[in-house]
Amino acid sequence: MEYRALRGVEDLIPPESLRFERVVDAFKRVVERAGFKEVILPVFEEARLFTRSVGESSDIVKKEMYVFEDKGGRVIALRPEGTASAVRAYVEHGVYAKEPFTKWFYVGPMFRFERPQAGRKRQFFQAGVELFGFSQPGADAELIKVADDILKELSVEATLEINSIGCKECRPKYREALIEFLKERVGQLCPDCVERFERNPLRVLDCKNEGCRQVVSGAPKITDYLCDGCREHYEKVKEYLNLLGVEFRENPFLVRGLDYYTRTVFEFKSSGLGAQSTVLAGGRYDYLIGEIGGPETPALGFAMGIDRVMLLLPELEEKREGVFVITRGEEAYREGLELVNFLRSKGIKAEIDHRQGSFKAQMKAADRVKAEFAVIIGEEEVKEGFYSLKELSTGKQEKVETREELLARL
RNA sequence: GUGGGAGUAGCUCAGUUGGUGGAGCGCCGGGUUGUGGCCCCGGCGGUCGCGGGUUCAAGUCCCGUCUCCCACCCCA
């Protein structure tokens, strides 16, 4: 084959593309009835937007971004995630002034230069929401509830883990305590964690290595170091989640890979995905808007991995729908073309077989496209002026005289 | 970026010690001169991922490369 899709990107052709649409439809249905409005954002931005927001030390920025220089000498990056652009747009358009309490959602491709694996592609799709302006714990709970609703709507089984990673006040104190604890045990950590210990000690907490987990199990918990404000906030979030009937598990070692998170963080994980088990994740990021150059504005959001959700989607039986027109002879074909046009104008799905093969071949085609009805127009029908309408699920066939009568029988 | 496994028909896979490539499913057609699904019969369909090497001879052995899968890593 001379041309192939590049490594880590894939085409979605039917029926995969239909599964994709099903996920997006369910997502939109749930978030729209919760009052979120869609934003359509660029797939590339100045690279430094991501460096600033996602974090210089994060792997996403350090080694996974598609960065290039455009013809005007600008340093561009294909977006590796959606929040940075949403925040940039919120600030750029002064939305904080016009509509300080804003609920947005977005759907689209993201790009990360990673080694491909199931549930991890170089171009992948995320559907996400962002809530700007709300500092109250009720917003955290509502956000998580919306996420839970989406997964339920899709019948995707996932377990929810939550944690609070504190704020500017308390996190540094915890970080110090953790470093203090780990310092004496560096020898017991895996090589990756030795490096994490230097760069971002919190990441040692969610290492999968058995030895590291042993060490970590005795480590100080951030929840014991939260300041009064963060502790109260976290307690309220949990209280509201219980009120809303959302099941969750507290994981004091849950941390996230993006630098902008504060206070509430959460992850929905599925057992059906192998190593890439997170299907939806997010949290609060109260300082990000300020850092991007907007007014200090509390915010929170999440992103769902559409590709990953698709992998978990149960197969759906395609149901029969519409009409397939079968004809023989030029006169019948012309009548068929007009009939199809008529039905479509009435909102009915209608197709015609242009190949004019045998009735058997055309019936087979009608069956394959999962039509509910076949309309047969042959010599007899043309001569005597009627349509033969066959219901494919039952095999029952009847004569109908006019288009209107046909329409009434569908 | 690291480690492991795999690439043969559209799909799932057989292919014996190297000797001119098969099955099932699917697709097209026929059995039914005007009727789908079940059954029977026939047909189309392959540079054996790509490139190089060994050999009289390579799907089969060797090297390289690309892609996919799994794990690490990372993350949605």
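Computed from a predicted model, the values in this text were never measured in an experiment.

Overview of helix 6 (residues 137-153)
In step 1: Under the 1.5 Å per step criterion, the end-to-end length of helix 6 is 24 Å for 17 residues, consistent within 8% with the ideal 24 Å.
In step 2: Among the residues making up helix 6, those that are buried are P137, A139, D140, A141, L143, I144, V146, A147, D148, I150 and L151.
In step 3: In the stretch just after helix 6, S155 is the one whose phi turns positive, near 55 degrees.

Notes on the sheet that holds strand 2 (residues 44-46)
In step 1: An order of 2-4-3 is seen for the three strands of this open sheet, with the pairing classed as antiparallel. The open sheet has two free edges, formed respectively by strand 2 and strand 3 (67-69), since each of these has just one partner strand. Averaged over all pairs of adjacent strands, the angle between their axes in this sheet comes to 35 degrees, without regard to strand direction.
In step 2: On top of the sheet, helix 2 (residues 47-54) reaches strand 2, strand 3 and strand 4 (75-78); it is set at about 80 degrees to strand 2, its chief contact.

A look at unusual backbone geometry
In step 1: Here P14 and P15 are connected by a cis peptide whose omega angle stands at 5 degrees.
In step 2: Looking at the secondary structure, you find P15 in the segment before helix 1 (16-32).
In step 3: With a phi angle near 55 degrees, S155 is a residue other than glycine that sits in the positive phi range.
In step 4: Relative to the elements of secondary structure, S155 occurs in the loop between helix 6 and strand 7 (159-164).
In step 5: Of note in the backbone geometry, R263 takes a positive phi value of approximately 50 degrees without being a glycine.
In step 6: Residue position: R263 is located in strand 9 (residues 262-269).

Conventions we followed
- Residues numbered from 1 in each chain as written.
- Chains lettered and ligands numbered in written order.
- Predicted model: local features only at pLDDT ≥ 70, side-chain atom pairs only at ≥ 80, totals over all residues.
- Heavy atoms only, no water.
- Helix = DSSP H or I, 4+ residues; strand = E, 2+ residues; numbered from the N terminus.
- Expected span 1.5 Å × (residues − 1).
- Buried < 20%, exposed > 50% of the residue type's maximum accessible area, 1.4 Å probe, protein only.
- Pairing = 2+ DSSP bridges.
- Axes fitted to C-alpha atoms, helices over the stretch in contact; angles between N-to-C directions.
- Contact = heavy atoms within 4.5 Å.

Just distances and angles here, no functional claims.
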